[in-house]
Amino acid sequence: MVRSLALPLFAALAVGCATGPGLKIDSPYRDPATLERGQILHVATGRLLTEAELLDYLAAHPVVYVGETHDSVDDHAVQLAILKGLQERFPGQVALGLEMLRRPSQGEVDAYLRGELDDKAFLRVWQKNWGPYTLPYYRALLDFAKEHRIPVRALNASNELKAAVMAKGLENLPPELAADLPEMDLQDPYHRAFLEGIFGGHSKGSNQVEVFLRVQALWDETMAQAAAEYLAGEGKGKRLLVLAGGNHVRYGFGIPRRLFRRHPVPYAIVNPYATVIPEKKRHTLMDVEIPPLPMRTADVVWAVGYEDLEGERVMLGVQIADAEGGGVRIKGVLPGSPGEGAGLREGDVVVAIDGAPVAEMFDLTYQVGLRKPGDQGSLEVRRGEERLTLPLTYDRVKHGK
């Protein structure tokens, strides 16, 4: 496998999740597009809430959903404010449910929260679940949960089950995967209409909408089942804050309706709403038309900005692959990159970075992820029969140059 350390891989996760001017939020009293950043709107009444009033309102609901655009720092700040507010009001009685973690990883998540798994090992778990370069968006949430001993529940379906449902449907799964299949409801007409609107006219004459629908339903049903089992079992009496992509919670027919079917307790949906989409993010928005639906997108809208962490992430600007016998082979070097500045060449094998041994790609990417622009470091490489130490200045990679 070859991985690029020059290209942003996380942006694709945000496609279809942005919650800004392109998404209509029905309020009979106020257009959310008129909100100023930081304002909090109770959708049904048009009443603006203070943050304290919002938290008092959410305190009446045992389950709270907060949607997100995955690469929005602002959305995650809203989530953290709500987590802190609920923990303050109900110390020791709050749990956190995450779409980003898959159910088979629950044991590793628990070990990390107990301090039995170090940061590097947990990053490997996280990347297996949610991909590279994404953990920094959730770091503050996880740190707060760890500090306050807040349970974190891995809600999502395994990659194996998702792939099998996508390829084989629901009826032809291998027995070992069929055992993990939750009770599935594919008959919600409003969910179907919503997903068909997202898919647009690209599916004419194909079964792609059906594949899309069953995979989305699989994620929603699995997350609902995991949450319901927790609330009825070891989390009985606790309050659950569920964080998921906006399309899994808005309108209520994703996770909320499916969890309520299993565990009928009051819930509230909070929708961060980007009042302005930055130009660099406009390509992530879908040009779709959502049909009119007879329900509100959320109970509360919190107006936010839309900033990401791309400007803070350093990269070497190289393509890499695991080398036979250990180390990481350089497959290509981007002109003008920190890798080129260090003197890396195609064919070099990196065996250490800043004194830390490099046995595989993850060792290299982990160490790079710890650095900031301007940090000084070094690379030890094998070049033919030579072993060289190359000075390195960490920096961002400017694309298109």
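This section reports on the structure supplied with the text. (Residues numbered from 1 in each chain as written. Predicted model: local features only at pLDDT ≥ 70, side-chain atom pairs only at ≥ 80, totals over all residues. Heavy atoms only, no water.)

### Here we look at the overall build of the protein
- A count of helical and extended segments in the protein gives twelve helices and 15 strands.
- Relative to its 401 residues, the protein shows a buried fraction of 53%.
- Of the contacts formed within the protein by residues at least 6 apart in sequence, a portion of 72% connects residues at least 24 apart. (Helix = DSSP H or I, 4+ residues; strand = E, 2+ residues; numbered from the N terminus. Buried < 20%, exposed > 50% of the residue type's maximum accessible area, 1.4 Å probe, protein only. Contact = heavy atoms within 4.5 Å.)

### What about helix 6 (residues 159-168)?
- Among the residues making up helix 6, those that are buried are Leu161, Ala164 and Val165. The buried residues of helix 6 occupy an angular sector of 100° when the element is viewed end-on, so they sit on one face.
- In this fold, the buried residues of helix 6 make contact with helix 7 (175-178) and helix 9 (208-232).
- Positive phi shows up at glycine 169, right after helix 6, with a value of about 80°. (Arc of directions from axis to C-beta.)

### Details of the nonpolar core
- Counting 68 residues, the largest nonpolar core has Ile82, Trp126, Val152 and Leu241 as its most contacted members.
- Looking at this core element by element, the count peaks at ten residues for helix 9.
- Among residues more than four places away in sequence, those in contact with valine 152 are Leu96, Leu98, Leu101, Gln106, Val109, Asp110, Leu113, Leu142 and Ala145.
- In this structure, Val350, Val358, Leu364 and Val381 belong to the second largest nonpolar core, which totals 19 residues. (Core = buried A, V, L, I, M, F, W, Y, C linked by side-chain atoms within 4.5 Å.)

### A short note on helix 4 (residues 119-130)
- With twelve residues, helix 4 should reach 16 Å at 1.5 Å per residue; the first-to-last C-alpha distance of 16 Å fits that figure.
- Against the buried residues of helix 4 lie strand 5 (94-102), helix 3 (106-113), helix 5 (135-147), helix 9 and helix 12 (361-369).
- Capping of helix 4 at its N-terminal end is provided by aspartate 118; its side-chain oxygen lies 3.3 Å from the backbone amide nitrogen of lysine 120.
- Trailing helix 4 by a residue or two, glycine 131 shows a phi angle of about 95°, which is positive. (Expected span 1.5 Å × (residues − 1). Polar contact = N/O pair within 3.5 Å; in protein donor to acceptor, adjacent residues only side chain to side chain.)

### Remarks on unusual backbone geometry
- Of note, the phi angle at tyrosine 133 is positive, near 65°, even though the residue is not glycine.
- As for its placement among the helices and strands, tyrosine 133 is situated in the loop between helix 4 and helix 5.

### A few points about the packing of aromatic side chains
- Counted under the stated rule, the structure contains nine aromatic pairs.
- Centroid distance tyrosine 65 to tyrosine 267: 5.7 Å. Interplanar angle 85°. Geometry classified as edge-to-face. Within this pair, whereas tyrosine 65 is found in strand 4 (residues 63-68), its partner tyrosine 267 is found in strand 8 (residues 267-274), the two being separated by 202 residues in sequence.
- Residue classification places tyrosine 267 among the partly exposed positions, given a relative accessible area of 28%.
- Its guanidinium or amino end placed over the ring of phenylalanine 90, arginine 239 lies 3.8 Å from that ring's centre, counting from NZ or CZ.
- Sitting over the ring of tyrosine 133, arginine 313 keeps its end group 4.1 Å from the ring centre. (Phe/Tyr/Trp six-rings, centres within 6.5 Å; stacked < 30°, edge-to-face > 60°. Lys NZ or Arg CZ within 6 Å of the ring centre and 35° of its normal.)

### Brief notes about the packing of helix 2 (residues 73-89) against helix 5
- The contact between helix 2 and helix 5 brings their axes to 9 Å, and the two run at 10°. Classed by the angle they form, the pair helix 2 and helix 5 counts as roughly parallel. Facing helix 2, whose interface residues are Val73, His76, Gln79, Leu80, Leu83, Lys84 and Gln87, helix 5 presents Tyr137, Tyr138, Ala140, Leu141 and Phe144.
- In terms of residue class, the contact of helix 2 with helix 5 is made up of eight nonpolar, three polar and one charged. (Axes fitted to C-alpha atoms, helices over the stretch in contact; angles between N-to-C directions. Parallel < 35°, antiparallel > 145°, perpendicular 65-115°, else oblique. Nonpolar A, V, L, I, M, F, W, Y, C, P; charged D, E, K, R; others polar.)

### Considerations on the packing of helix 4 against helix 12
- Helix 12 packs onto helix 4 with a crossing angle of 110° between their chain directions and a minimal axis gap of 11 Å. Between helix 4 and helix 12, the crossing angle belongs to the class labelled roughly perpendicular. Facing Asp119, Lys120, Leu123, Arg124 and Gln127 of helix 4, the residues of helix 12 in contact are Phe362, Asp363 and Tyr366.
- When the residues that make up the contact of helix 4 with helix 12 are grouped by side-chain class, the tally is three nonpolar, one polar and four charged.

### Some details on the sheet that holds strand 5
- Here eight strands make up an open sheet; going across it, the order is 3-2-9-8-4-7-5-6 and the pairing mixed. Only two strands of the sheet have a single partner each, and these edge strands are strand 3 (48-49) and strand 6 (152-156).
- Pairing of strand 8 with strand 9 (residues 300-304), which is carried by five bridges, proceeds in the parallel orientation. Considered in strand 9, the bridge of proline 272 is made with tryptophan 302. (Pairing = 2+ DSSP bridges.)

### Focus: the side chain of asparagine 129
- Structurally, asparagine 129 can be placed in helix 4.
- Judged by its relative accessible area of 5%, asparagine 129 is buried.
- Within polar-contact distance, the side chain of asparagine 129 engages the side chain of serine 105 at 3.4 Å.
- Looking at asparagine 129, its side chain comes within polar contact range of the main-chain oxygen of valine 125, at 2.7 Å.
- Ignoring sequence-local partners within four residues, the contact set of asparagine 129 consists of Met100, Leu101, Arg102 and Ser105.

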